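Residue-level structural notes
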Amino acid sequence: MRPEPSAVSRLVWPLALFILALAPRLPGLRLFLTTDEPFFADQAANVVAALLRGDFGATYWHFYPGLTMSWLDGLGMAVQWGFESIQGVAAEPFTQFMRRDILELLVALRLPYALLSALFVAALYLLVRRLTDQRVALIAALLVAFDPFFLAHSRVAHGDGPVTVFMGIAALAFAVYLHRNASAPGTHPPSARTNAVSGWLILSAVCGGLAALTKSPGAFVLPFVIVVGL
């Protein structure tokens, strides 16, 4: 039986991994621009503006579908708009603020993606820790945190970072569900065990849905977990 980590260890390691993952994602966010980001920022502004005026039909983003990207972009721009409004810099309405030149909004657009990816590294550690042991979980989290491809895509306003995050959590949460479902029935009271198992399945389903709503390849997580389950 694996030894249970202490309460301090359960708190310190995810926090340390979050900081380690965030550190290389923050520097130089305003120093470059990818070709896709202006289009994505404009699409996100369209979705947020349509949502604010109650025109839900106009929130449809053809085929991508970019829902979580719109949330992340909108959140970043809202924080910058609020901060500048407090300072008396942003005088225009938020819907007009979102139409500024992308170079003025670039850090605000990218910061939520960097934070989400760093949180994913900590979550990955916690999920893998439930499947194996702390050493394997740490190695897995560090490998993902500093993988060059994921690092590059997780610090730009693009769909590849979020779809990776949500697909990863969906797959790992489903693995935890399978593991818990197959555990010894006498370990916990039946009701508590059923609730815990159902919670992991719900988490997997929600994140799988968010993956599909981020970018069309995210729907691939559904056949993947079916095959793994079988």
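This report concerns the structure included in the present document. Everything numeric in this text was worked out from a predicted model, so none of it was measured.

The next thing to look at is the overall build of the protein chain. The secondary structure content of the protein chain amounts to 10 helices and 0 strands. In the protein chain, buried positions account for 41% of the 230 residues. Within the protein chain, residue pairs in contact and separated by at least 24 positions form 76% of the contacts whose partners lie at least 6 positions apart. Within the structure as shown, the protein chain displays about 12300 Å² of accessible surface, and the carbon and sulfur contribution to it stands at 72%.

Most often, soluble globular proteins keep nonpolar side chains buried together rather than apart. Residues Met77, Met98, Leu109 and Val165 are the most contacted members of the largest nonpolar core, which totals 55 residues. When residues of this core are assigned to their parent elements, the largest contribution, 15 residues, is made by helix H5 (residues 102-131). Ignoring sequence-local partners within four residues, the contact set of valine 165 consists of Leu116, Ser117, Phe120 and Phe150.

Turning to the pattern of salt bridges, a few remarks are in order. Taken as a whole and assessed by the stated rule, the structure comprises 7 salt bridges. Arginine 100 is paired through a salt bridge with glutamate 92; the nearest N and O atoms lie 2.9 Å apart. With relative accessibility at 17%, the residue glutamate 92 sits in the buried group. For aspartate 160, the salt bridge identified is with lysine 215, shortest N-O distance 2.4 Å.

Within the secondary structure layout, leucine 109 lies in helix H5. Here the alpha-carbon distance between leucine 109 and serine 70, two residues 39 residues apart in the chain, equals 9.9 Å. Each residue touching leucine 109, except ones within four places of it in the same chain, is listed here: Ala41, Asp73, Met77, Ile102 and Ala157.

The next point concerns the packing of aromatic side chains. All chains considered together, the criterion is met by 8 aromatic pairs. Where phenylalanine 40 meets tyrosine 64, the ring centres are 5.2 Å apart and the plane angle is 50°; that geometry is what we call tilted. Placement of phenylalanine 40 in helix H2 (residues 37-52) and of tyrosine 64 in the loop between H2 and helix H3 (67-87) is noted, with a sequence separation of 24 residues between them. Take phenylalanine 40 and tyrosine 64: they sit in the same class, and that class is buried. Ring plane angle 20° and centroid distance 5.6 Å describe the contact between tryptophan 61 and tyrosine 64, whose orientation is recorded as stacked.

Between H5 and helix H8 (residues 160-181), the shortest axis-to-axis distance is 10 Å and the interhelical angle comes to 15°. Classed by the angle they form, the pair H5 and H8 counts as roughly parallel. Here H5 and H8 pass one another in a crossing that is left-handed. Here H5 contributes Tyr113, Leu116, Ser117, Phe120, Leu124, Leu127, Val128, Arg130 and Leu131 to the contact with H8, which in turn contributes Pro162, Thr164, Val165, Phe166, Gly168, Ile169, Leu172, Ala173, Ala175, Val176, His179 and Arg180. Split into classes, the residues belonging to the contact of H5 with H8 amount to 15 nonpolar, 4 polar and 2 charged.

On to the packing of H8 against helix H10 (residues 221-229). At a minimum axis distance of 10 Å, the contact between H8 and H10 shows a crossing angle of 20°. Relative to H10, H8 is oriented roughly parallel. Our pair here, H8 against H10, has a crossing hand that is right-handed. Within the contact between the two elements, H8 uses Met167, Ala170, Ala171, Phe174 and Leu178 and H10 uses Val221, Phe224, Val225, Val228 and Gly229. Partitioning the contact of H8 with H10 into residue classes produces 9 nonpolar, 1 polar and no charged.

Take helix H6 (residues 134-145) next. In a regular helix each residue adds 1.5 Å, so 12 residues correspond to 16 Å; H6 covers 16 Å between its end C-alpha atoms and thus fits that length. Every buried residue of H6 is listed here: Ala137, Leu138, Ala141 and Ala145. For H6, the angular spread of buried residues about the axis comes to 100°, placing them on one side. Away from its buried face by more than 90 degrees, H6 exposes Arg135 and Leu143. By the N-cap criterion, in which a side-chain oxygen at the helix start approaches the backbone nitrogen of a residue two or three places on, H6 is capped by aspartate 133, the distance to arginine 135 being 3.3 Å.

The rules behind these values
- Residues numbered from 1 in each chain as written.
- Predicted model: local features only at pLDDT ≥ 70, side-chain atom pairs only at ≥ 80, totals over all residues.
- Heavy atoms only, no water.
- Helix = DSSP H or I, 4+ residues; strand = E, 2+ residues; numbered from the N terminus.
- Buried < 20%, exposed > 50% of the residue type's maximum accessible area, 1.4 Å probe, protein only.
- Contact = heavy atoms within 4.5 Å.
- Areas by Shrake-Rupley, 256 points an atom, 1.4 Å probe, with all protein chains shown as cover.
- Core = buried A, V, L, I, M, F, W, Y, C linked by side-chain atoms within 4.5 Å.
- Salt bridge = Lys/Arg side-chain N within 4 Å of Asp/Glu carboxyl O.
- Phe/Tyr/Trp six-rings, centres within 6.5 Å; stacked < 30°, edge-to-face > 60°.
- Axes fitted to C-alpha atoms, helices over the stretch in contact; angles between N-to-C directions.
- Parallel < 35°, antiparallel > 145°, perpendicular 65-115°, else oblique.
- Left-handed = near helix turned anticlockwise from the far one by under 90°.
- Nonpolar A, V, L, I, M, F, W, Y, C, P; charged D, E, K, R; others polar.
- Expected span 1.5 Å × (residues − 1).
- Arc of directions from axis to C-beta.
- Polar contact = N/O pair within 3.5 Å; in protein donor to acceptor, adjacent residues only side chain to side chain.

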